[in-house]
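Residue strings, one per chain:
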Amino acid sequence: MILTQLQAEGYRTSKSYDGADLVIVNTCGFIDSAKQESLDAIGEALSENGRVIVTGCMGKGDDARTIMELHPKVLSVTGPAAYEEVVSAVHQYVPYTPVHDPFADLVPPQGVKLT
């Protein structure tokens, strides 16, 4: 839902940290090894990019406090199913102002079906 909304607004995804304006890390807090993997992913994203938003299962309660203690440079931490909060955080840290093209903007993103 997060990617769908951001792409609908004109944001683009990047396959590398280098080309990204920020990184969204979706965490899992189901088992300890998943929590550690999430914390490692946050640390890697911070060291490679520096601008990180965290969401998912670890984004609430004690896990959220742990994230902020271990990684105080994280821009935002949100819990599970908080996609609107994530999108708002993206808007805050990477405002998107599309260039209006009167010809292309008349065509919907899915294209036009002429049958």
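J.: Outline unusual backbone geometry, listing residues and values.
T.: Non-glycine residue alanine 81 carries a positive phi angle of around 60°. Mapped onto the elements of the fold, alanine 81 is located in the loop between β3 (76–77) and α4 (83–93).

J.: Describe the sheet that holds strand β1 (residues 23–27), listing the residues and the values that go with them.
T.: Spatially, the three strands line up as an open sheet ordered β1-β2-β3, and their pairing is parallel. Looking at strand neighbours, the two that pair on one side only are β1 and β3, the edges of this open sheet. In this structure, strand β2 (residues 52–56) lies alongside β3, joined through two bridges in parallel fashion. Counterpart to isoleucine 53 in the pairing with β3 is serine 76. On top of the sheet, helix α2 (residues 32–48) reaches β1 and β2; it is set at about 175° to β1, its chief contact. In this fold α4 packs onto β1, β2 and β3, with an angle of close to 175° to the strand it touches most, β2.

J.: How would you summarise the side chain of threonine 78 if you had to cite specific residues and measurements?
T.: Relative to the helices and strands, threonine 78 is located in the loop between β3 and α4. Among the residues examined, threonine 78 registers a relative accessible area of 4% and is labelled buried. Separated by 2.8 Å, the side chains of threonine 78 and threonine 55 make a polar contact. Look past the residues within four positions of threonine 78 in its chain and what remains in contact with it is Val54, Thr55, Gly56, Gly59, Glu85 and Val86.

J.: Any details on α4? Residues and values, ideally.
T.: Those residues of α4 that fall on the buried side of the exposure criterion are Val86, Val87, Ala89 and Val90. Taken around the axis of α4, the buried residues stretch over an arc of 155°, which confines them to a single face. Turned more than 90 degrees away from the buried face of α4, the exposed residues are Glu84 and Gln92. Close packing links the buried residues of α4 with α1 (2–8), β1, β2 and β3.

J.: Would you mind going over the environment of glutamate 37 in detail, with residue names and values included?
T.: Tracing the backbone through its elements, the reader meets glutamate 37 in helix α2. Along the chain, glutamate 37 and threonine 27 lie 10 residues apart, while their C-alpha atoms are 8.4 Å from each other.

J.: A description of the confidence of the model for the chain should follow, citing residues and the corresponding values.
T.: Confidence along the chain averages 90 in pLDDT terms, with 97% of residues attaining 70 or more. Per-element confidence in the chain is highest for β2, whose mean pLDDT is 97, and lowest for α1, whose mean pLDDT is 89.

J.: Give me the nonpolar core: which residues, what numbers.
T.: Residues Val23, Val25, Leu39, Ile42, Ala45, Leu46, Val52, Val54, Met58, Ile67 and Val74 constitute the largest nonpolar core, which totals 11 residues. Going through the elements one at a time, β1, α2 and β2 are the ones with two or more residues in this core. Ranked by residue count, the leading element in this core is α2, at four residues. Filtering out sequence-adjacent residues up to four positions away, leucine 46 remains in contact with Val52, His71, Lys73 and Val74.

J.: Describe a negative patch on the surface, naming the residues involved and giving the relevant values.
T.: A grouping of Asp18, Glu37, Asp40, Glu44 and Glu48 is seen on the molecular surface, where their side chains present a negatively charged patch. Checked against the element boundaries, aspartate 18 lands in the loop between α1 and β1.

About the criteria used
- The residue numbers shown here count from 1 along each chain, following its written sequence.
- Selection of residues for local features in this predicted model requires a pLDDT of at least 70, selection of side-chain atom pairs for listing and counting requires 80 or more, and totals for whole chains, interfaces and linings are taken over all residues.
- Side-chain measures were taken over the full set of non-hydrogen atoms in the model, leaving aside hydrogen atoms and water.
- In this text, helices come from DSSP runs of H or I with a minimum length of four residues, and strands from runs of E with a minimum of two, each type numbered from the N-terminal end.
- One bridge is not enough; two strands pair if DSSP finds at least two bridges between them.
- The criterion used for residue contact is that any of the two residues' heavy atoms lie within 4.5 Å.
- Axes, fitted as lines to C-alpha atoms, cover a helix only where it is in contact. Angles between the N-to-C directions of the axes lie from 0 to 180 degrees.
- Between buried and exposed lies partly exposed: a residue is buried under 20% and exposed over 50% of the maximum accessible area for its type, with that area taken using a 1.4 Å probe on protein chains only.
- Within 3.5 Å is the distance limit for a polar contact, defined as a pair of N or O atoms, with the added protein rule that one can donate a hydrogen and the other accept it, and that residues adjacent in sequence qualify only through two side-chain atoms.
- What the arc covers is the set of directions going from the helix axis to the C-beta atoms.
- The quantity called pLDDT is the predictor's confidence in a given residue, expressed from 0 to 100.
- As used in this record, nonpolar core signifies buried Ala, Val, Leu, Ile, Met, Phe, Trp, Tyr and Cys residues forming a set joined through side-chain atoms within 4.5 Å.
- Patch membership requires over 30% relative accessible area and the absence of a salt bridge. Like charges are linked within 9 Å, and nonpolar side chains (Val, Leu, Ile, Met, Phe, Trp, Tyr) within 5 Å.
- Here the accessible surface of atoms and residues is derived via Shrake-Rupley with a 1.4 Å probe, and residues count as covered only by protein chains that are part of the display.
- Every case where a carboxyl oxygen of Asp or Glu lies within 4 Å of a side-chain nitrogen of Lys or Arg is listed as a salt bridge.
- Charged residues are defined narrowly, with Lys and Arg counted positive, Asp and Glu counted negative, and His plus the chain ends left uncounted.
- We put the charge of a Lys on NZ, of an Arg on CZ, of an Asp on CG and of a Glu on CD.

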